[in-house]
Amino acid sequence: MKALTKTDFHFDGQKSVYHGKVRDVYDINDDLLVMVATDRISAFDVVLPKGIPFKGQVLNQIAAKFLDTTTDICPNWKLATPDPMVTVGLKCEGFRVEMIIRSILTGSAWRDYQKGCREICGVKLPDGMRENQRFPEPIITPTTKADEGHDMNISKEEIIAQGIVSAEDYAVMEDYTRRIFARGQEIAAKQGLILVDTKYEFGKRDGKVYLIDEIHTPDSSRYFYADGYEEKFEKGEPQRQLSKEFVRQWLIEHNFMNEPGQTMPEITDEYAESVSDRYIELYEHLTGEKFDKDAEEGVIASSVEKNGSEWLAAHK
């Protein structure tokens with residue numbers, strides 16, 4: 001099984017390329033972006049040494065589907081997916097904030113709550129809550145987008161006071177965040193899932209706020225299985241999750257959390273294939289559609305570059 005872990009394309013009008021942890025973003029004439037979802041996988045802020053076949057296709061197609069199902073709520077950057085691993089869209093000036101929205105007390109929010117924290121990003125929380133308990137209504141806990149290191153929690157008031165985002169633009173982002181999340185929860189519920197929490201990024205173009213980046217993928221969101229949620233909550237048992245948490249757990253079991261002195265465990269072909277199978281399972285459960293493996297047959301990189309170039313040529 002092949003995996004696309006590196007790209008070095010040259011598109012017509014290309015100004016620059018940004019190689020992120022898992023995606024490579026090509027700037028076309030400071031107007032469009034060609035975003036390639038590679039098969040790289042990251043955990044604990046480090047890219048694993050082996051790619052996961054079909055992972056890029058899974059994430060790109062899930063994001064495209066959810067972007068398409070929210071266009072009635074807000075405009076987004078996506079113009080087309082000319083290849084299973086590529087999205088072409090409008091270049092926007094990104095806000096330096098990630099809008100995180102949570103419907104259940106879990107993950108880092110629960111860890112903070114356990115330590116006695118009763119306020120997250122300016123949102124006050126009542127005493128007596130338990131792990132995996134639903135909030136009366138979803139809460140928004142934004143973070144600043146860091147170029148290096150970890151993103152930092154910040155309140156709505158601080159964002160506006162520091163001039164990171166204007167009060168007017170923040171109000172629009174907040175409204176979009178709640179409505180897109182509600183749509184995501186509706187779609188998840190039809191598949192027997194709970195959309196627990198997720199993050200959205202927004203940008204601005206020609207004075208208008210756009211939803212950018214990927215949405216509702218298992219890399220940017222946490223899903224619980226709805227079946228058994230209440231029973232497990234009552235018993236204080238861990239919830240069944242649908243996310244890339246299983247990769248982090250595998251690394252922890254092999255004594256790796258990217259801490260000093262720790263060595264990355266060997267990623268065998270067999271393990272990479274097992275992760276690939278899990279991502280395909282995630283895709284099919286989330287979308288209710290059969291995953292099309294044929295789309296990535298052949299020489300992946302040349303196919304990706306060819307499909308992206310042909311779309312750009314046809315839309316000059």
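Keep in mind the model is a prediction, meaning the values are calculated, not measured.

K.L.:
Quick one: what's the story with the packing of helix α6 (residues 245-253) against helix α7 (residues 269-287), residue by residue and with numbers?
P.N.:
At a minimum axis separation of 10 Å, α6 and α7 run at an interaxial angle of 155 degrees. Taken together, α6 and α7 sit at an angle that is classed as roughly antiparallel. Residues F246, V247 and W250 of α6 form the contact with α7, whose own contacting residues are Y271, V275, R278 and Y279.

K.L.:
Which residues make up the pairing of strand β6 (residues 78-83), and what values go with them?
P.N.:
Pairing analysis gives three bridges linking β6 to strand β7 (residues 86-90), with the strands arranged antiparallel. Pairing of K78 across the sheet is with G89, part of β7. Two successive antiparallel strands, β6 and β7, enclose a turn made up of two residues.

K.L.:
Give a detailed account of unusual backbone geometry, specifying residues and quantitative values.
P.N.:
Backbone geometry at D213 places phi at a positive 70 degrees, although glycine is not the residue there. Mapped onto the fold, D213 is located in the loop between β15 (208-212) and β16 (221-225). With a phi angle near 60 degrees, H216 is a residue other than glycine that sits in the positive phi range. For H216, the location among the structural elements is in the loop between β15 and β16. Exposure remark for H216: the relative accessible area of 0% places this residue in the buried category.

K.L.:
Break down the side chain of T7 for me, citing the residues and quoting the values.
P.N.:
Inspection of the secondary structure puts T7 in the segment before β1 (14-19). At a separation of 2.7 Å, a polar atom in the side chain of T7 contacts the side chain of D24. Those residues within four positions of T7 in sequence are excluded, and the remaining contacts are H19, D24, Y26, V36 and T38.

K.L.:
Give a description of the sheet that holds strand β2 (residues 23-28) that names residues and reports values.
P.N.:
Taken in spatial order, the five strands of this open sheet run β1-β2-β3-β7-β6, and their pairing is antiparallel. Strand pairing shows two members of the sheet lacking a second neighbour, β1 and β6, which therefore form its edges. On average, each strand axis in the sheet is tilted by 20 degrees relative to the strand beside it, whichever way the strands run. Contacts from helix α8 (residues 300-314) reach β2, β3 (32-37), β6 and β7 within the one sheet, and its direction differs from that of β6 by about 135 degrees.

K.L.:
Explain the layout of surface pockets to me, and be specific about the residues and the numbers.
P.N.:
Here the second largest pocket is characterised by a volume of approximately 220 Å³. What lines the second largest pocket is a set of 13 residues, and nearest its centre among them are D12, I28, N29, L312 and K316. Top contributing element to the lining of the second largest pocket by residue count: α8, with four residues.

K.L.:
Report on the pattern of salt bridges, specifying residues and quantitative values.
P.N.:
Applying the stated criterion across every chain, the model contains 27 salt bridges. Linking R205 and D31 is a salt bridge whose minimum nitrogen-to-oxygen distance equals 2.5 Å. Here R205, found in strand β14 (residues 193-205), pairs with D31, found in the loop between β2 and β3; they are 174 residues apart in sequence, far enough to count as distant. Using a relative accessible area of 16% as the deciding quantity, one classes R205 as buried. Notably, a salt bridge pairs R222 with D197, separated by 3.1 Å at the nearest N-O pair.

K.L.:
Describe α8, naming the residues involved and giving the relevant values.
P.N.:
Helix length check: α8, at 15 residues, gives a terminal C-alpha distance of 21 Å against a target of 21 Å (1.5 Å per residue), a fit within 8%. Those residues of α8 that sit buried are I300, V304, G308, W311 and L312. The buried residues of α8 occupy an angular sector of 100 degrees when the element is viewed end-on, so they sit on one face. Turned more than 90 degrees away from the buried face of α8, the exposed residues are A313 and A314.

Parameters and conventions
Throughout this description, residue numbers start from 1 for each chain and increase along the sequence as written. In keeping with the model being predicted, local features are shown solely for residues with a pLDDT of at least 70 and side-chain atom pairs are shown and tallied solely at 80 or more, while totals for entire chains, interfaces and linings include all residues. For side-chain calculations, the full set of non-hydrogen atoms in the structure is used, while hydrogens and water are omitted. Comment: axis = line fitted to C-alpha atoms, over the contacting stretch for helices; angle = value between 0 and 180 degrees taken between N-to-C directions. A run of H or I in DSSP counts as a helix once it spans at least four residues, and a run of E counts as a strand once it spans at least two, with each numbered from the N terminus. Angle categories: roughly parallel below 35 degrees, roughly antiparallel above 145, roughly perpendicular from 65 to 115, and oblique for all the rest. Contacts are residue-level and defined by heavy atoms, with any inter-residue pair within 4.5 Å sufficient. One requirement defines pairing of two strands: DSSP has to find at least two bridges between them. Only protein chains enter the accessibility calculation, which uses a 1.4 Å probe. A residue is then buried if its area is under 20% of the maximum for its type, exposed if over 50%, and partly exposed in between. By the criterion applied in these results, polar contacts are pairs of N or O atoms within 3.5 Å in which, for protein atoms, one can donate a hydrogen and the other can accept it, and in which residues neighboring in sequence qualify only through two side-chain atoms. Each cavity reported here is a set of points on a 1 Å grid over the protein atoms alone in which a 1.4 Å probe fits but cannot get out, each pocket an open set with protein on both sides within 12 Å along at least five of seven lines, and each lining residue one with an atom within 4 Å of a point. Grid points are joined across faces, edges and corners, and a volume is the space filled by probe spheres set on the points. A pair is scored as a salt bridge if a Lys or Arg side-chain nitrogen falls within 4 Å of a carboxyl oxygen belonging to Asp or Glu. Helix span, as expected, comes to 1.5 Å for every residue beyond the first. It is the directions from the helix axis to the C-beta atoms whose arc is reported.

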